[in-house]
Each structure stands twice: as C-alpha cells, then as structure tokens.
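Below are the chains, spelled out letter by letter.
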Amino acid sequence: MEGLPCVAPAAYISRSKTVALDLTKKFMNPSLPSSTLRPKNRHFRSSTASIHVLSSQRFRSYCSCSSPLVILSAAAAAASDSQFELSPPPIDHDFLDAAAATGVITSDDGVIETFDNDEEALRAAEDGAVLVDLSHWGRIRVSGEDRIQFLHNQSTANFECLREGQGCDTALVTPTARAIDIAHAWIMKNAIILLVSPVTCKSIKEMLEKYIFFNDNVEIEDISSVTSLFVLVGPKSDKVMEALDASDLVGQPYGTHQHFRVNGMPITVGVGNVISDTGYAMLMSTDAAEFVWKTVVSLDVLPMGSNAWERLRIYQGKPEPGKELTSEYNILEAGLWNSISLNKGCYKGQETISRLITYDGVKQNLWGLMLSVPAEPGSSIVVNGKKVGKLTSYAVGRNKSEHFGLGYIKRGAVSKGDTVIIGDNSVGTLVDVPYLARQSMPLKSQSQ
C-alpha cells in the first residue's frame, strides 16, 4: 500500500530541534500473549456477545505498563522520515484480540461495546477524560494532484482555503442537499483523510469514485482495515496531551493535526473528537494501537465502549446517518452550518442550499428532548393534537431515571422550553444540545 505522507507543517512545530522524548511513565510496551493479526470487518452492527465482562478496575490492571517506549516529536517525525507507512508490518499483537482476552464485551464485528463502566465513563466525559475506540468508523484517503479541487466540488466545505496541517468538517450530500454524512477532514501533504460513519464509508467511497472523470488525477482508498482510530473526550483532555508531551496541539484551532512516531510507528493526532470541537482524535497504524491505548488509559483516562458512546452522541446532539441524516432531511434542517461554505463556487447540492437560504426554505429543525418516559425512535411528535415532527434517536439518561432524545420538529411550531407529546405517553421538553448550539450560519463575507 502506498505510504501516507505526514510531513508536519512548520507552523505547527514549536521545537527547533529534532528530539526524541523518553516517556517512561507514558508510552510503555505491553506484556501480553501474542496473537495473530486478523483483518476485522469494522462496519458497525449492534449485537451482544456471550463474553464475561471485566470490571473497569480489572481492565485498568490490563492497561498497566512495564517498560519504556519512545515517541518522537512532530519535528523528529518529519525529519526522520517524510512518509508514514500505514500498511503495518507483521506484528505479534492485535488490539481487539488483547481487549477481548480480558473479557470486555465486543460485538461480532469487533466493536468494543462496553467495559462494564458505562455510567462511570459518561460521568468522566463530563468532568474527566475518556478514550473511545472508533476503529469501526470509516477512514477514506483521497490522493492525487486534483484531490483538493475534487473534494471542493463534491462536498460543502471550502477545501481551497485550507493548508497542510489544518482540517474541517464537510458534509456529503445528494444533488438535492439531502444529508448523507458529515465527514471530518485532515489536510496532509499528499492526501486528505476523511473520517466518516461506519454505515456510510462504503457508499461514500463508491459515490466519490463515480464522480472521478477521465482526466482527474484522484485516487480514493478505504484505509479503515489498516488503521485504528481513537478519540479522547472530556475537559481533562488537554492535560492528557500535556502529559504525552503533545502540548503543541493544546489551544490550536479545530482540525489542526500533527504527526508523531511511536516506536517507529506513525500516529496522527488532531484537535476535535467527532462530537466536539474540543478533545482529540488519534489515527494510527493498527500495530501501534495497543501501545497507544495502554499509554493513554494509564494517565487516569477511563475507557468507554460503543454503548456509552452512542448515549453520549445523543446527549451532545450529533446527527447520525440513518437516524438524523437520511433522505428525509436536508443539511440545513440537520443544522450542519459549520460544514458549509457560502463563498465557493458550484458543488453538489449547492443550488438547493442557496435556494433554501435565499427563500428561507428550512421547514423543520433538529431539537434535543428531555423525555418523561422511554420512547421509540420513529414515534410522532405532537403539539395540540397535531403531528409536528418525529423522534429520531433515544437514550436512557445518565441516572437511568432520565430519558433523552433527538427529533425533527416543524419550524415555528415550538421554541426552547416548550413541551410536546411523543408517541403514546411520553412528554418531552425542548432543550438545546451542545453540538447543534455550536453551529452558526456562515456569513458570505467570511472565508469559509
């Protein structure tokens, strides 16, 4: 497989020397039985495996460390090698095999569902830090000389104004601006990496390939099976980065990313964690995953499984393909303003988006809902006996006596604090949710 170029931009390197940092208390080698690397089908599917569950305390003992590992700074990574090879060499350990051996519950598709600590992990996401394995998510690599112009034309963000080491959110839409997915993009030296939902990765790759014309110098590659993706969530995430000697990223703009090496293996760390502008995302070769996971969790960071992550997504109000992002709703109804540029030229869905803005054509909005009792997604939302919307996602609240949901409601029918009826007997109160509250309509005079 072609290597991923990862030369760190000088603007994001504060150290003037190439220096190796000995993080004896941070990155450590595991002492686990070896297992054979097996490619996993990473596409998400909720299922329950009959595996004994460890307590979070026992999992922490699995994450203990014993011998030092060296991580190079971004400058050292760039100087030592201009390309990162994401095709891993033969190795003795596999992250999911090692995790499953400890008793955590994994799905048939290799997704870690729970560490038997969901409530504790959700609290830590509010007042501490948690680490989530999102390796079942899609990673698409777009390369070739025309990659910037290609993605500029195929999605909603302005890629032409971005430079190496920067990043952004961009929406993939249909020609009528129906939402397919929101991708997080990293601009690298010779490629752009798109982080996308597990349920859309295959279709997005095929859709992008369909729009490559004869003279376009563009290559699309799914690198999900040869990479791992972790996200760090919570207010103490910055302290974790400082403890890892990656403090150069703290305070940088959303999407800023730098490249490092762990035991000679590549890892890219970026600002933002898919559901928040804060926190961090970590992309690495699969052979580095086990080392990185152990290291981060050893810094008083709780592991979080996919079950708790889904609840956190709903609490945050992040739209999800197949739920809030479907052919029923356009990108403006989903509230994804931060991913849209109003300054660039033609792109797929642009005409519809412009018309919706010009003629104030948004008919419904996505809301957070505090519920009195559980409710099924798909249930009608009713005000004064009239159906005004539909519930799209539901999650039990943090103390299990609360209930929370997301739903689309007809514009003008309600406002914040109003109550609605959901399904047969659930009363919902409209509330703001953090992800949507951060979205704002871009000004045409702004550089998007």
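Higher on the page you've got the structure.
So, here is what we can say about the structure in this document. (Residues numbered from 1 in each chain as written. Predicted model: local features only at pLDDT ≥ 70, side-chain atom pairs only at ≥ 80, totals over all residues. Heavy atoms only, no water.)

1. A look at the overall build of the chain
Worth spelling out the cut-off: Elements are defined by DSSP. Helices are runs of H or I of four residues or more, strands are runs of E of two residues or more, and each kind is numbered from the N terminus. Throughout this description, buried means an accessible area under 20% of the type-specific maximum (1.4 Å probe, protein chains only), exposed means over 50%, and partly exposed covers the range between. The accessible surface values rely on the Shrake-Rupley method and a 1.4 Å probe; as for residues, cover is taken only from the protein chains in view.
Secondary structure assignment for the chain yields eleven helices and 25 strands. A total of 448 residues make up the chain; the buried ones form 57% of that total. In the structure as shown, the chain presents an accessible area of about 18300 Å², 49% of it carried by carbon and sulfur atoms.

2. A few points about the pairing of strand 22 (residues 386-396)
Basically, it comes down to this: Strand pairing follows a simple DSSP-based rule, namely that at least 2 bridges must link the two strands.
Judged from the four bridges that link them, strand 21 (residues 380-383) and strand 22 form a sheet pairing that is antiparallel. Bridge assignment links Ser380 to a residue of strand 22, and that residue is Lys390. Here strand 21 folds back onto strand 22, and the loop between the two strands holds two residues, one of which, Asn384, carries a positive phi near 55 degrees. Bridge count for strand 22 against strand 23 (residues 403-410) is seven bridges, and the pairing is antiparallel.

3. Some thoughts on the packing of helix 4 (residues 118-127) against helix 9 (residues 306-316)
For any two helices packed against each other, one specifies the inter-axial angle together with the distance between the axes. Applicable threshold: In this description, a line fitted to the C-alpha atoms serves as the axis of each element, helices being fitted only across the stretch in contact, and the angle between N-to-C directions of two axes falls anywhere from 0 to 180 degrees. For classification purposes, an angle smaller than 35 degrees is called roughly parallel, one larger than 145 roughly antiparallel, one from 65 to 115 roughly perpendicular, and anything else oblique. Handedness of a crossing follows from how the near helix is turned relative to the far one, being left-handed for an anticlockwise turn of less than a right angle and right-handed for a clockwise one. In this analysis, two residues are considered to be in contact whenever any of their non-hydrogen atoms come within 4.5 Å of each other. Polar here means any residue outside two lists: the nonpolar Ala, Val, Leu, Ile, Met, Phe, Trp, Tyr, Cys and Pro, and the charged Asp, Glu, Lys and Arg; Gly therefore counts as polar.
Contact pair helix 4 / helix 9: the axes reach a minimum separation of 9 Å and the direction vectors enclose 40 degrees. In terms of their interaxial angle, helix 4 and helix 9 are classed as oblique. The way helix 4 lies across helix 9 gives a crossing that is right-handed. For the pair helix 4 and helix 9, contact is made by Asp118, Glu119, Leu122 and Ala125 and by Asn307, Ala308, Arg311, Leu312 and Tyr315, respectively. For the contact of helix 4 with helix 9, a count of residues per class yields five nonpolar, one polar and three charged.

4. Details of the sheet that holds strand 22
The antiparallel closed barrel is built from six strands, whose spatial order is 20-23-22-21-24-25. Taking the axes of each pair of neighbouring strands and ignoring which way they run, one obtains an average angle of 40 degrees across the sheet. Along the sheet face, helix 9 touches strand 22 and strand 23 and points at about 140 degrees away from the line of strand 22.

5. Some remarks on the sheet that holds strand 11 (residues 167-173)
Overall, antiparallel pairing links the five strands, which are arranged 11-12-13-10-14 in an open sheet. Since the sheet does not close on itself, it has two edges, and those belong to strand 11 and strand 14 (219-222), each with one partner. The average angle at which neighbouring strand axes cross in this sheet is 30 degrees, direction not considered. On top of the sheet, helix 5 (residues 147-154) reaches strand 10 (138-143), strand 11, strand 12 (179-187), strand 13 (191-196) and strand 14; it is set at about 35 degrees to strand 13, its chief contact. Taken strand by strand, helix 6 (residues 201-210) contacts strand 10, strand 11, strand 12, strand 13 and strand 14, and its axis lies near 170 degrees from that of strand 14.

6. Structural notes on the nonpolar core
For clarity, the cut-off: Take the buried Ala, Val, Leu, Ile, Met, Phe, Trp, Tyr and Cys residues and link them wherever side-chain atoms come within 4.5 Å; each set so joined is a nonpolar core.
Counting residues in each nonpolar core, the largest one holds 54 residues, and the members touching the most others are Val130, Met304, Trp309 and Ile331. A per-element tally of this core places helix 9 first, with five residues. Ignoring any residue separated from it by four or fewer positions in sequence, one finds Ile331 in contact with Thr156, Ala171, Val173, Ala177, Ala179, Leu336, Ser339, Ile340 and Ile353. If you look at the next biggest cluster of nonpolar residues, it comprises 31 residues, including Ile112, Ala246, Ile267 and Met284.

7. Digging into the pattern of salt bridges
We count it as follows: A pair is scored as a salt bridge if a Lys or Arg side-chain nitrogen falls within 4 Å of a carboxyl oxygen belonging to Asp or Glu.
In total, this model carries twelve salt bridges according to the counting rule given. In this structure, the salt-bridge partner of Lys323 is Glu310, at a minimum N-O distance of 2.9 Å. Taken together, the positions of Lys323 in the loop between helix 9 and helix 10 (350-358) and Glu310 in helix 9 put the pair 13 residues apart, joining distant regions of the chain. For Lys323, a relative accessible area of 33% puts it in the partly exposed group. Owing to a relative accessible area of 22%, Glu310 belongs among the partly exposed residues under this scheme.

8. Comments concerning the packing of aromatic side chains
Geometrically, a pair of aromatic rings is defined through the distance of the ring centres and the angle of the planes. Rules: Planes of paired rings set the category: under 30 degrees apart is stacked, over 60 is edge-to-face and the rest tilted, where pairs are Phe, Tyr or Trp rings (Trp by its six-membered ring) whose centres lie within 6.5 Å.
Evaluated as defined, the whole model comprises four aromatic pairs. The interplanar angle of 25 degrees and the centroid separation of 5.9 Å between the aromatic rings of Phe115 and Trp293 together place this pair among those described as stacked. Of this pair, Phe115 sits in the loop between strand 8 (112-114) and helix 4 while Trp293 sits in helix 8 (residues 286-297), placing them 178 residues apart in sequence. Comparing Phe115 with Trp293, the two get one shared label, buried. Note on Phe230 and Trp293: the rings are 5.0 Å apart at their centroids and 75 degrees apart in plane angle, and the pair reads as edge-to-face. Residue Phe230 is found in strand 15 (residues 227-233), and its partner Trp293 is found in helix 8; the two are separated by 63 residues along the sequence. A relative accessible area of 0% places Phe230 in the buried class. Judged by its relative accessible area of 0%, Trp293 falls in the buried class.

9. Observations concerning the side chain of Arg313
Defined as follows: In protein, a polar contact means a hydrogen-donor-capable atom and an acceptor-capable atom, both N or O and within 3.5 Å, with residues adjacent in sequence counting only if both atoms are side-chain atoms; elsewhere, any N or O pair within 3.5 Å suffices.
Looking at the element boundaries, Arg313 is found in helix 9. We classify Arg313 as buried; its relative accessible area is 2%. Within polar-contact distance, the side chain of Arg313 engages the side chain of Glu324 at 3.1 Å.

10. A look at the environment of Tyr347
For Tyr347, the location among the structural elements is in the loop between helix 9 and helix 10. On the basis of relative accessible area, Tyr347 is assigned to the buried category, the value being 8%. Put simply, Tyr347 and Ser155 are 192 residues apart on the chain and 6.6 Å apart in space, counted from C-alpha to C-alpha. When residues no more than four places from it in sequence are discounted, the contact partners of Tyr347 are His152, Asn153, Ser155, Thr156, Ile340, Ser341 and Ile353.

11. Looking at helix 5
Here helix 5 has its buried residues at Arg147, Phe150, Leu151, His152 and Gln154. Where the residues of helix 5 are buried, they touch strand 10, strand 11, strand 13, helix 6 and strand 14.

12. Looking at the environment of Tyr435
Position of Tyr435 relative to the elements: it lies in helix 11 (residues 434-437). The class for Tyr435 is buried, based on a relative accessible area of 4%. C-alpha separation for the pair Tyr435 and Ser276, spaced 159 residues apart in sequence, amounts to 6.7 Å. If we skip the residues at most four places from it in the chain, Tyr435 touches Asp169, Ile182, Val274, Ile275, Gln316, Gly317, Lys318, Pro319 and Leu336.

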